[in-house]
Amino acid sequence: ALYNRPRLHRGTTFAMGAAPAALGDAAVIDSLSAWIESTLAPISDADPAVLGKYVLALLKKDEPLRVLRANCARELADFLEDQTGGFVDALFARIDHEIERHDARAAAAAA
């Protein structure tokens, strides 16, 4: 498989509940966007920039994370076929990583 299927960290707000406000942070979105495009390029025939924007649009919906994950899997299946599950798992692990970095920067700025 292309991905090792990373798991979200247990106990983080992101892994357990609603989408965090940090998903609206421009730095998080920029970093996530670059990662999405570079990850999509080798696994899809679609334009990675266009498909990346679509993925970000799916993530911006105000839904619980389990719903966002299911929507991503369903909506991306036509584009990614057998790579969908691995991509969605890696995407949500990357989001968790970006949220942790965002929270660490916010805590450092507040100190």
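Not measured: the values here are computed from a predicted model. (Residues numbered from 1 in each chain as written. Predicted model: local features only at pLDDT ≥ 70, side-chain atom pairs only at ≥ 80, totals over all residues. Heavy atoms only, no water.)

A. How the structure looks around the overall build of the protein. Regarding its fold elements, the protein presents 5 helices and 0 strands. Helices and strands in the protein line up, N terminus first, as α-α-α-α-α. In the protein, which comprises 111 residues, the proportion classed as buried is 38%. Residue pairs in contact within the protein that sit at least 24 positions apart in sequence constitute 65% of those at least 6 positions apart. Accessible surface for the protein amounts to roughly 6400 Å². Of this, 52% is attributable to carbon and sulfur atoms. (Helix = DSSP H or I, 4+ residues; strand = E, 2+ residues; numbered from the N terminus. Buried < 20%, exposed > 50% of the residue type's maximum accessible area, 1.4 Å probe, protein only. Contact = heavy atoms within 4.5 Å. Areas by Shrake-Rupley, 256 points an atom, 1.4 Å probe, with all protein chains shown as cover.)

B. Representation of the environment of Leu40 within the structure. Mapped onto the elements of the fold, Leu40 is located in helix α2 (residues 26-40). Note on Leu40: relative accessible area 1%, which makes it buried. The spacing of Leu40 and Leu80 is 40 residues in sequence and 8.5 Å in space, taken between C-alpha atoms. Discounting residues that sit within four places of it in the chain, Leu40 has contacts with Pro48, Leu51, Gly52, Val55, Leu80 and Phe87.

C. How the structure looks around the side chain of Thr84. Within the secondary structure layout, Thr84 lies in helix α5 (residues 84-110). Looking at Thr84, the relative accessible area reads 6%, which means it is buried. Contact partners of Thr84, with chain neighbours within four places excluded, come to Ala73, Leu76 and Ala77.

D. Expanded view of the nonpolar core. Counting residues in hydrophobic clusters, the biggest one holds 24 residues, and the most contacted among them are Ile36, Leu59, Leu76, Phe87, Leu91 and Phe92. If you list the elements that add at least two residues to this core, you get α2, α3 (48-59), α4 (65-80) and α5. Broken down by element, the residue count for this core peaks at 7 residues, all from α5. Among all residues touching Ile36, those that are not within four sequence positions of it are Gly52, Val55, Leu56, Phe87 and Leu91. (Core = buried A, V, L, I, M, F, W, Y, C linked by side-chain atoms within 4.5 Å.)

E. Highlighting the pattern of salt bridges. All chains considered together, the criterion is met by 4 salt bridges. Residue Glu75 pairs with Arg74 through a salt bridge whose shortest N-O separation is 3.6 Å. Taken together, the shared-partner salt bridges in this structure form one network comprising Arg94, Glu98 and Arg101. (Salt bridge = Lys/Arg side-chain N within 4 Å of Asp/Glu carboxyl O.)

F. Highlighting the packing of aromatic side chains. Enumeration according to the criterion identifies 2 aromatic pairs in this entry. Consider the rings of Trp35 and Phe87, whose centres lie 6.0 Å apart with planes at 20°: the pair is stacked. A residue pair is termed long-range when its members are at least 10 positions apart, and Trp35 in helix α2 and Phe87 in helix α5 qualify at 52 residues. The same class applies to Trp35 and to Phe87, which are both buried. (Phe/Tyr/Trp six-rings, centres within 6.5 Å; stacked < 30°, edge-to-face > 60°.)

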